[in-house]
Amino acid sequence: MAEHSQLQFLWKQINEQAKNMIAPISYNHLIKDLEPVDITGRKIVLKATSDLNATSIINKFADKLREAIVKCNLGLSDFRLYVEGSDVYTLEAEEDAFESFQAAPINKQFTFDSFVVGPGNKLVYAAAKAVAENPGEVFNPLFIYGKSGLGKTHLLQAIANYLSKHHPEKKVLYTTSENFLNDFIDSIAQKNGAKLRYHYRNVDVLMIDDIQFLKNKTQVQEEFFHTFNELSSQNKQIVLTSDRPPKEIATLEERLRTRFEGGMIVDIQPPDPETKIAILRKKAEDKKCPVADEVLEFLAQNSGDDVRTLEGRLTKVIFASRLREEPITLALAQKALNESVKEADSDEQITPEKILAAVCGYFQHTKEEILGKSKKAELVKARQICAYLMWDMLSMPLELLGKTLHRDHTTIIYARDKMKKLEKQSQQIRKEIDDIKNIVLKK
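Along every chain, residues carry numbers that run from 1 in the direction the sequence is written. Selection of residues for local features in this predicted model requires a pLDDT of at least 70, selection of side-chain atom pairs for listing and counting requires 80 or more, and totals for whole chains, interfaces and linings are taken over all residues. Side-chain figures throughout are based on the complete set of non-hydrogen atoms in the structure, without hydrogens or water.

Our next topic: the pairing of strand β4 (residues 142–145). Where β4 meets strand β7 (residues 237–242), four bridges bridge the pair, whose relative direction is parallel. Within β7, the residue paired with Ile144 across the bridge is Thr241. Pairing between two strands requires that DSSP report at least two bridges joining them. Helix and strand definitions follow DSSP, with helices as H or I runs of at least four residues and strands as E runs of at least two, each counted in order from the N terminus.

And the structure:
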């Protein structure tokens with residue numbers, strides 16, 4: 001706890017600066033009676049008289065008050081508000097106060113070094129690297145668009161990982177539009193809009209994946225518009241991804257569209273054959289599994305544009321090699337992929353509906369529960385296993401898989417990666433996955 005005399009000295013200077021920046025009626029009503037109570041990190045904690053006053057300050061004068069703090073050059077850069085007896089503005093650790101808001105998971109393996117650069121993604125890679133090195137100073141906002149599975153999420157998380165290593169003082173929030181939507185809905189139900197605004201606006205870098213899913217959602221777009229404006233006014237970095245450019249996102253408000261278009265818009269193109277081979281070689285190295293060039297060339301052929309499908313083909317071949325205890329040869333690769341095709345073309349064709357029905361029956365959940373929004377642990381687990389099996393048994397494109405389960409592709413990626421890991425580590429999870437596979441295959 002900072003000494004009272006020190007707090008008063010700091011606040012006096014900030015108060016004088018704020019008085020010159022905020023209209024007298026607002027200053028006298030909201031700012032004048034704030035009382036300094038503590039210092040946490042580079043933030044001064046100010047006690048407000050009520051939740052209403054604190055919310056008004058956050059909504060209308062947060063940027064002015066921060067500017068006043070920075071101008072005083074006291075080693076402080078921000079503030080927190082406290083209201084005695086409040087559940088919203090407390091003296092608890094910020095992480096506890098906002099634990100209901102979940103950032104999307106960040107894969108530590110998604111770095112700039114692990115991103116394979118080719119002609120189709122050279123420009124977007126350079127733009128993302130520039131933003132990571134100088135957040136808020138070069139391309140703001142940075143808007144990346146392209147089809148699913150080409151590396152947009154990888155680049156966003158590479159920015160986050162770079163900042164974590166080189167600028168640990170920066171507060172970075174990486175999330176998805178689905179999380180933003182769910183948090184917005186929860187904030188209305190729980191009447192904690194101030195928490196929502198603080199969570200999303202009190203950051204140095206905000207990155208949102210799949211922003212196109214905010215289409216047709218007027219209230220959510222309104223909230224994001226104000227979040228965008230506040231962060232932009234403070235030169236805080238904003239990075240967004242989408243499967244299409246802003247002008248092609250239907251029902252996107254014009255004022256949001258113009259703000260998206262006010263920064264750097266760059267697309268990510270499908271990899272050419274040489275880049276596909278380079279990606280496969282890198283993935284094989286990461287898995288510590290050497291693969292001959294002729295096999296890599298075979299896997300790159302007729303693989304479509306999706307980098308994840310490309311990785312899926314490699315995974316099938318590596319699995320076949322380990323299962324049969326044989327080295328990876330061109331013959332083995334051809335056989336492994338041909339078997340996958342035969343399975344898909346069999347009389348008893350596996351479908352997403354069959355997998356969903358098997359998961360529902362096994363865990364005794366309804367289809368509506370699996371596809372719904374509930375975050376109960378048992379439902380989340382079943383939902384993630386369902387996503388993993390659809391990916392594993394059908395090699396479904398993640399975008400289509402996401403539509404089937406009413407989730408965005410980043411949520412699907414997380415579910416897939418988590419279950420792949422747990423299948424190796426947990427005997428219980430492995431048994432459940434095998435049991436459901438047998439139900440689907442009617443074994």
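Once you've had a look at it, read on.
So, about the packing of helix α9 (residues 193–201) against helix α10 (residues 218–233). In this analysis, axes come from line fits to C-alpha atoms, helices being fitted only over the stretch in contact, and the angle between any two N-to-C directions falls in the range 0 to 180 degrees. Here α9 crosses α10 at 45°, and the two axes come no closer than 10 Å. Between α9 and α10, the interaxial angle falls into the category oblique. For the pair α9 and α10, the crossing hand works out as right-handed. Taking contact as the criterion, the partners of Leu196, Arg197, Tyr200 and Arg201 in α9 are, on α10, Glu223, His226, Thr227, Glu230 and Leu231. Of the residues contributing to the contact of α9 with α10, the split by class is three nonpolar, two polar and four charged. When an angle is under 35 degrees it counts as roughly parallel; over 145 it counts as roughly antiparallel; between 65 and 115 it counts as roughly perpendicular; any other value is oblique. In this scheme the handedness of a crossing depends on how the near helix is turned from the far one: anticlockwise by less than a right angle means left-handed, clockwise means right-handed. Two residues form a contact once any of their heavy atoms are found within 4.5 Å. Under the convention adopted here, Pro, Cys and the residues Ala, Val, Leu, Ile, Met, Phe, Trp and Tyr are nonpolar, Asp, Glu, Lys and Arg are charged, and Gly plus all remaining residues are polar.

Next up on the list: the nonpolar core. In this structure, Phe112, Leu142, Leu155, Ile159, Met207, Leu299 and Val317 are the most contacted members of the largest nonpolar core, which totals 47 residues. Of all elements in the fold, only α6 (122–133), β4, α7 (152–166), β6 (205–209), α12 (273–286), α13 (293–300), α14 (307–324) and α15 (330–345) reach the threshold of two or more residues within this core. Element by element, the count of residues in this core is highest for α7, at seven residues. Ignoring any residue separated from it by four or fewer positions in sequence, one finds Leu142 in contact with Ala127, Ala128, Val131, Gln237, Ile238, Val239, Leu240, Met264 and Val266. In this text, buried Ala, Val, Leu, Ile, Met, Phe, Trp, Tyr and Cys residues form a nonpolar core when linked through side-chain atoms within 4.5 Å. Only protein chains enter the accessibility calculation, which uses a 1.4 Å probe; a residue is then buried when its area is under 20% of its type maximum, exposed when over 50%, and partly exposed in between.

On to the sheet that holds strand β1 (residues 35–40). The strands that make up a sheet are held in pairs by hydrogen bonds between backbone atoms, and each pair lies either parallel or antiparallel. Within the open sheet, the three strands sit side by side as β1-β2-β3. Their pairing is mixed. Looking at which strands have only one partner, the edges of the open sheet turn out to be β1 and β3 (78–82). Between one strand axis and the next, the sheet turns by 30° as a mean value, whatever way the strands run. Judged from the five bridges that link them, β1 and strand β2 (residues 43–47) form a sheet pairing that is antiparallel.

What follows is about the pattern of salt bridges. Two side chains with opposite charge may pair up if their charged atoms get near one another. Here a salt bridge means any side-chain nitrogen of Lys or Arg lying within 4 Å of a carboxyl oxygen belonging to Asp or Glu. Tallied over the entire structure, the rule returns 20 salt bridges. One salt bridge in this structure joins Glu67 and Lys71, with 3.5 Å as the shortest N-O distance. Within this pair, Glu67 and its partner Lys71 are both found in helix α4 (residues 62–71), separated by four residues, close to a single helical turn. Under the relative-accessibility criterion, Lys71 is labelled partly exposed at 49%. Residue Arg201 is joined to Glu223 by a salt bridge in which the shortest nitrogen-to-oxygen separation is 3.1 Å. Taken as a pair, Arg201 in helix α9 and Glu223 in helix α10 lie far apart in primary sequence, 22 residues in all.

We now examine the sheet that holds strand β8 (residues 264–267). One open sheet accounts for five strands, arranged β5-β6-β7-β4-β8; its pairing is parallel. Whereas interior strands pair on both sides, the edge strands pair on one side only; in this sheet they are β5 (172–176) and β8. Across the sheet, the mean angle from the axis of one strand to that of its neighbour is 15°, orientation sign disregarded. In the sheet, β6 pairs with β7 via four bridges, with the strands oriented parallel. When the sheet's bridge partners are listed, Met207 is paired in β7 with Val239.

What follows deals with the packing of aromatic side chains. Put simply, two rings from Phe, Tyr or Trp (the six-membered ring, in Trp's case) pair if the centres are within 6.5 Å, and we call them stacked under 30 degrees between planes, edge-to-face over 60, tilted for the rest. Applying the stated criterion across every chain, the model contains eleven aromatic pairs. Ring geometry for Phe115 against Tyr125: centres 5.9 Å apart, planes inclined by 15°, an arrangement best described as stacked. Placement of Phe115 in the loop between α5 (94–97) and α6 and of Tyr125 in helix α6 is noted, with a sequence separation of ten residues between them. The exposure class of Phe115 is buried, given its relative accessible area of 9%. Pairing Phe180 with Phe224 gives two aromatic rings, centres 5.6 Å apart and planes at 85°, and the pair type is edge-to-face. Linking Phe180 in helix α8 (residues 177–189) with Phe224 in helix α10, this pair joins segments that are 44 residues apart in sequence.

Quick reminder: α-helices carry 3.6 residues per turn. Residues three or four places apart thus point the same way. Take the residue count of a helix, subtract one, and multiply by 1.5 Å to get its expected span. The end-to-end C-alpha distance of helix α18 (residues 377–394) is 25 Å, a good match for the 26 Å that 18 residues give at a rise of 1.5 Å each. Of all the residues in α18, the buried ones are Leu379, Ala382, Arg383, Gln384, Ile385, Cys386, Ala387, Tyr388, Leu389, Met390, Trp391 and Met393. Lining the buried residues of α18 we find α16 (352–363), α17 (367–371), α19 (398–405), α20 (409–425) and α21 (427–441).

Turning our attention to the environment of Tyr388. Note on placement: Tyr388 falls in helix α18. For Tyr388, a relative accessible area of 4% puts it in the buried group. Aside from chain neighbours lying at most four places away, what touches Tyr388 is Arg416, Met419, Lys420, Glu423 and Ile433.

Moving on, we come to unusual backbone geometry. Residue Pro141 is reached from Asn140 by a cis peptide bond, and omega for that bond is 0°. With respect to the helices and strands, Pro141 occurs in the loop between α6 and β4. A positive phi is found at Asp210, a non-glycine position, where the angle reads about 60°. Among the structural elements, Asp210 can be located in the loop between β6 and α10.

What follows is about the side chain of Arg416. Summarising the element assignment, Arg416 is placed in helix α20. Owing to a relative accessible area of 7%, Arg416 belongs among the buried residues under this scheme. Ignoring any residue separated from it by four or fewer positions in sequence, one finds Arg416 in contact with Arg308, Tyr388, Trp391 and Leu398.

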